[in-house]
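# Coordinate inspection notes
Here is how the chains run, residue by residue.
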There are 6 protein chains.
Amino acid sequence: MKLVVINPNSTRSMTDKITDAARAVASPGTVVEGRTADGAPASIEGHFDEVMCAHHLLREVQRARDEAADAVVVACFDDPAIGACREVMDGPVLGICEAGVKAAGMIATSFSVVTTLPRSVPVIEDLVRRYGMADRCRRVRAAAIPVLALEQPGSDARARIRAEILRAIEEDRCEAVVLGCAGMADLTEWLTAECGIPVIDGVTAATTFAEALVRAGLKTSKIGAYARPIQK
Amino acid sequence: MKLVVINPNSTRSMTDKITDAARAVASPGTVVEGRTADGAPASIEGHFDEVMCAHHLLREVQRARDEAADAVVVACFDDPAIGACREVMDGPVLGICEAGVKAAGMIATSFSVVTTLPRSVPVIEDLVRRYGMADRCRRVRAAAIPVLALEQPGSDARARIRAEILRAIEEDRCEAVVLGCAGMADLTEWLTAECGIPVIDGVTAATTFAEALVRAGLKTSKIGAYARPIQK
Amino acid sequence: MKLVVINPNSTRSMTDKITDAARAVASPGTVVEGRTADGAPASIEGHFDEVMCAHHLLREVQRARDEAADAVVVACFDDPAIGACREVMDGPVLGICEAGVKAAGMIATSFSVVTTLPRSVPVIEDLVRRYGMADRCRRVRAAAIPVLALEQPGSDARARIRAEILRAIEEDRCEAVVLGCAGMADLTEWLTAECGIPVIDGVTAATTFAEALVRAGLKTSKIGAYARPIQK
Amino acid sequence: MKLVVINPNSTRSMTDKITDAARAVASPGTVVEGRTADGAPASIEGHFDEVMCAHHLLREVQRARDEAADAVVVACFDDPAIGACREVMDGPVLGICEAGVKAAGMIATSFSVVTTLPRSVPVIEDLVRRYGMADRCRRVRAAAIPVLALEQPGSDARARIRAEILRAIEEDRCEAVVLGCAGMADLTEWLTAECGIPVIDGVTAATTFAEALVRAGLKTSKIGAYARPIQK
Amino acid sequence: MKLVVINPNSTRSMTDKITDAARAVASPGTVVEGRTADGAPASIEGHFDEVMCAHHLLREVQRARDEAADAVVVACFDDPAIGACREVMDGPVLGICEAGVKAAGMIATSFSVVTTLPRSVPVIEDLVRRYGMADRCRRVRAAAIPVLALEQPGSDARARIRAEILRAIEEDRCEAVVLGCAGMADLTEWLTAECGIPVIDGVTAATTFAEALVRAGLKTSKIGAYARPIQK
Amino acid sequence: MKLVVINPNSTRSMTDKITDAARAVASPGTVVEGRTADGAPASIEGHFDEVMCAHHLLREVQRARDEAADAVVVACFDDPAIGACREVMDGPVLGICEAGVKAAGMIATSFSVVTTLPRSVPVIEDLVRRYGMADRCRRVRAAAIPVLALEQPGSDARARIRAEILRAIEEDRCEAVVLGCAGMADLTEWLTAECGIPVIDGVTAATTFAEALVRAGLKTSKIGAYARPIQK
């Protein structure tokens, strides 16, 4: 199986981290290819960045389809342009927010999300509602760190995320935490050990769920909203 | 007051029609400027087209802001990239779906939407839910016509839309109909007369609502998700 | 255009304030007439007061219709008897809660409401749900002041409202605030300046939205629940 | 126990019918008093009628409280002015819509409502949502009969209601039917026998539920929205 | 009328307490029989206990039906196996959670639930959603006491429950409290007096509501999901 | 990885079919063990059967845990006793309804469910709501066949299911169909080919999703409602 994991921003160190996370959990027979949406913003922090990444992301999805990839993972927690990606691909396309929150619902009765900047909180709240998980989501929280701080070795990003998760456990009475940014993928194990609660990374969840859909023989439905784009 | 109405596709005859519709209802003191998202697809029929128009649309929003426009109307019923437009502008930005369905809720206890192609139905259903109008929306219907048929004088588009509205009245027991495509803006009066029910055109509603917000002294909130994009 | 703004309580100083607020934002060509529901309670603080004002309010709506008013604004945040007013009028009828919360959704991803007495909080929560804005409303708050304190020059009402708005910003993480009483209409500018967040007054919003509906050619649907009352 | 059942319209034959229905199910120790809202419209068919009955209804609730009634039933399916009635009373106040749809949820997984005129359908849909029973309600239907036809011996009202219930069973796949008008109270047994499905009359349900609340020692909460009206 | 109240756990002192509570509110003509689900766990604290009680509970429901009981009350706040009980019985079956939260909605605009252990909170939150009362429920709280502490004379259970109710009033701004465990049935009067707010016990509410349904002539619908189990 | 797939009814031919379906999609390294809930009813058709299977099912989950199974799939579309199974297991436990409907949301904007008997429709509607997929589910349909007809070679079950799927496509405008019974697992490929739409079998989806959760390192949260049962 060939799985293409696309980082929809243009920061290659994030692509590497995401690809490593995906490979670490993929099945032995799965080839994981990491791609960067060159030309996109360096990070996605709000609606504007989401738009400015989207057509670069679509170009990579088209390439994945042309290379006969079986499935695509879009590795940004805002799940940018997922509907458009599904129109382009035939195999499944998974965003890491959808995968993360749906996985949370399978192992816990409630969860909170911990993301980077406060401005992303309403974006994620909307996604959680859209995926039907609002009743299970206690709160979407921000650790108040820029996305790229996660790429800087000396930053206090890790500590702030851990602190926010501990606050979530205490204040939200949640049973699991979903990490609200692809750039946190390398912290999952450490945070799980530190916080004593299932910590769910969307990249990991989307990778294994995408494999699952392929293995189950499922492809994107082509008889409605996800039909191939109409040629103009 | 200066109001910029942006057609997010690249078909100039649609821009003209939309601009005319906006000017027909704007207050005497309002200058309406119509703009076309050159470079965008010729019509927006699905998620892919929405993405392919979005950055061209944003360029026009930035230009509107630089020209000190008081408000912006985005004249496509999929309300593409509205969040990003709001980040860019300081004055209000209104999509025609949001304006249309909220107006419907002010004059009727229920409504149906009549759009062009069936593939747009789930997109609009999601928007209606997002704007909180799902309880009021009896059904989103498609007249099964391509968007650009609305630009072709000899097409049967008008007749099909009328027929679909009549079906909506009969089958959905709705009290109003919202037209689900900016390209229908010139049919509003005729359809209202033919069908004996309030027929709401989003372009018209968004134009007058945008004026209303400006007159009420309201601007886009800049302390949260609609703050200006972060410079990278 | 002739717009009738009805104060459904019997306190004439509130009518004056409300009428001033409406005139301050109405278009040059709009004639705003303020009316008082003589015979109604001096203020509306709960369900009982709402009932005791309603038939007096309807009398004023009938008069507005007989005088060929184009639209009616009902200037109490409980939106009393709005359905009945719509049955009586042919032009649009807008309540200030509906206008305020729908406007909030156009300029912010979330808002809180600040009203007068705690007993009105559940009433407003129900309205917010009914208008489909519950997902956007962080919290309905009360400043714990009687409505008529807003009419007393020396009261601490202004200070308490400001304090409650500042608490809303801090605790609710809201991006805008809607003022939950018509009697606060004269405080909007001051509160906006003091609090650094869009502060939305329903009287203002309903006035400009009512103009917008008229300009867009929309009238109350007469084929369903808002048909003229049946003569007995 | 003293239970006052108020007919909020002014048609005394309906009061008699409603009182009979209540007495037929009340416990041996319960005294049921029927009251008419003299001065109200002859029937309640829409929002306007609801307003025009409400203050007359409240007068009867005040009288019931002064006479030390233990509970009040408001016998109109629009549940007019229930909040205001609860402010006035100390004991429980029940509307027949709330009682009917909540009872339905206790004996069936889904139900439909059959009311009189189509214009009442959206009013009832709103109530069903407000009472939290929307997921259980398959559809609100109208038999297209004026309320007062139920008082005319020779009318085809009975036959039309039966036909509409049979359509509900067939088309809605509902497991129970709630009668959507107090004037149908005398048809319950006959309709249950004819249609082979639990047919729930709100007058009956509200009467026995009101007794139940009194017996359980429950009174209307007076620490919030249902506190006594504020004296002006 | 014969009413069977079943304690679905095997602790006989709880059965006695529950039976006493039911008898204290039942009508003079009602015979209340208390039954214990012998073989079930000693208390129901979570999903596992719920399963382990369910078939013992059903055995008692079958016995009640064979003895021509008119209605059954299942006296555990998790409302275990209610659907199955309804399949078995012909008369109504009521769980104490459904009765308690629906009663709360009849006398208050909002309520909180106070239960025993934190692990039961998500179970009750799900039930509250299922019964349509989520908009009315401010919060489900746990007093952090094991169920059986309620059976131990010297425990601090009463004090902890009172403290939690007082916190609910203060923090949740609720207008009523529903006791979230059948074992609290004997504390209702004391807690009501201590806390100055309607305190609703589900056993009491379910007993009088079950009587109400019987008196209203309502039985469980047998044409759908609650039809008698299919013989295998 | 060791995955235990439990058939919660006692029909061994169904266990074989389910186990085959699971093995057909499991990864090479996964050992799939099929188990039968001996002592349970021969099929699960309603709430009663669900209760009567649950404790037998739990016994098999305990055995799976004792044998160090990594995950458990419960292969009945009513997702019986899932919460209790999660309390007992440490690894993930997946029901086939949850897996099926969540998978549907990843490849289509809407779906319908096709199950066996009409009496199961409300049960599944409740599950769909609980999993947050109600907005995506067009309708739950029954092919009107007993579960065990799926085990009889000569029955018309296959034809009826195909016919119902074709009706779903036509009438519901759904983009995918979820098979609402574990006993349909062997029909998936044939139905997909016949109907030209993604047909989702829950057994298949739950098997690959369970593998996915294990591979992603996720286990059932043990700090809340899914903590191990309390020893009595």
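Parameters at a glance
Residues numbered from 1 in each chain as written. Chains lettered and ligands numbered in written order. Predicted model: local features only at pLDDT ≥ 70, side-chain atom pairs only at ≥ 80, totals over all residues. Heavy atoms only, no water. UniProt positions renumbered as here; feature names shortened; annotations may be inferred. Contact = heavy atoms within 4.5 Å. Buried area = accessible area lost by both parts, 1.4 Å probe. Salt bridge = Lys/Arg side-chain N within 4 Å of Asp/Glu carboxyl O. Polar contact = N/O pair within 3.5 Å; in protein donor to acceptor, adjacent residues only side chain to side chain. Helix = DSSP H or I, 4+ residues; strand = E, 2+ residues; numbered from the N terminus. Buried < 20%, exposed > 50% of the residue type's maximum accessible area, 1.4 Å probe, protein only. Least-squares fit on C-alpha atoms with pLDDT ≥ 70 in both. Arc of directions from axis to C-beta.

Within an unreviewed UniProt entry, the label attached to chain A reads Hydantoin racemase, and the organism entered is Paracoccus aestuarii. Listed under Sequence similarities (unreviewed entry) in UniProt, the entry text for chain A is "Belongs to the HyuE racemase family."

## A few points about the interface of chain F and chain A
Listed as interface residues are 44 residues of chain F and, on the opposing side, 44 residues of chain A. Summed over both partners, the interface of chain F with chain A comes to about 3300 Å²; 65% of that surface belongs to carbon and sulfur atoms. Looking only at chain F, the three residues that lose the most surface to chain A are F:Met106, F:Ile107 and F:Arg215, adding up to 21% of its buried area. At the boundary of chain F with chain A, the tally comes to zero salt bridges. At the surface where chain F touches chain A, the tally comes to 15 residue pairs in polar contact (both at pLDDT 80 or more). When residues of the side of chain F that touches chain A are traced back to their parent elements, those giving at least two are strand E4 (93-95), helix H4 (96-107), strand E8 (199-201) and helix H8 (202-215) of chain F.

## Considering the pattern of salt bridges
Within the structure shown, the criterion is met by 164 salt bridges over all chains. Two residues, B:Arg162 and B:Glu194, come together in a salt bridge whose shortest N-O distance is 2.5 Å. Of this pair, B:Arg162 sits in helix H6 (residues 157-172) while B:Glu194 is found in helix H7 (residues 188-195), placing the two residues 32 residues apart along the sequence. Among the residues examined, B:Arg162 registers a relative accessible area of 28% and is labelled partly exposed. Measuring nitrogen to oxygen at the nearest pair gives 3.5 Å for the salt bridge that ties F:Asp66 to F:Arg65. The class for F:Asp66 is exposed, based on a relative accessible area of 59%.

## A short note on the relation of the copies chain F and chain A
With an axial shift of 0.0 Å and an RMSD of 0.0 Å, the rotation relating chain F to chain A amounts to 180 degrees. Those values place the two copies in the arrangement expected of a two-fold rotation axis. Of every C-alpha in chain F, the one belonging to F:Gly132 sits nearest the axis of rotation, 2.0 Å from it. Both copies contact each other with a shared surface, as 100% of the interface residues of chain F are interface residues in chain A too.

## Remarks on helix H7 (residues 188-195) of chain D
All names here are of chain D. Among the residues of H7, Thr188, Leu191 and Cys195 are the ones counted as buried. Relative to the axis of H7, the buried residues are bounded by an arc of 70 degrees and lie together on one face. Opposite the buried face of H7, at more than 90 degrees from it, the exposed residues are Glu189 and Ala193. For H7, the secondary structure elements touched by its buried residues are helix H6 (157-172), strand E7 (177-179) and strand E8 (199-201). One or two residues past the end of H7 sits Gly196, with phi positive at roughly 65 degrees.

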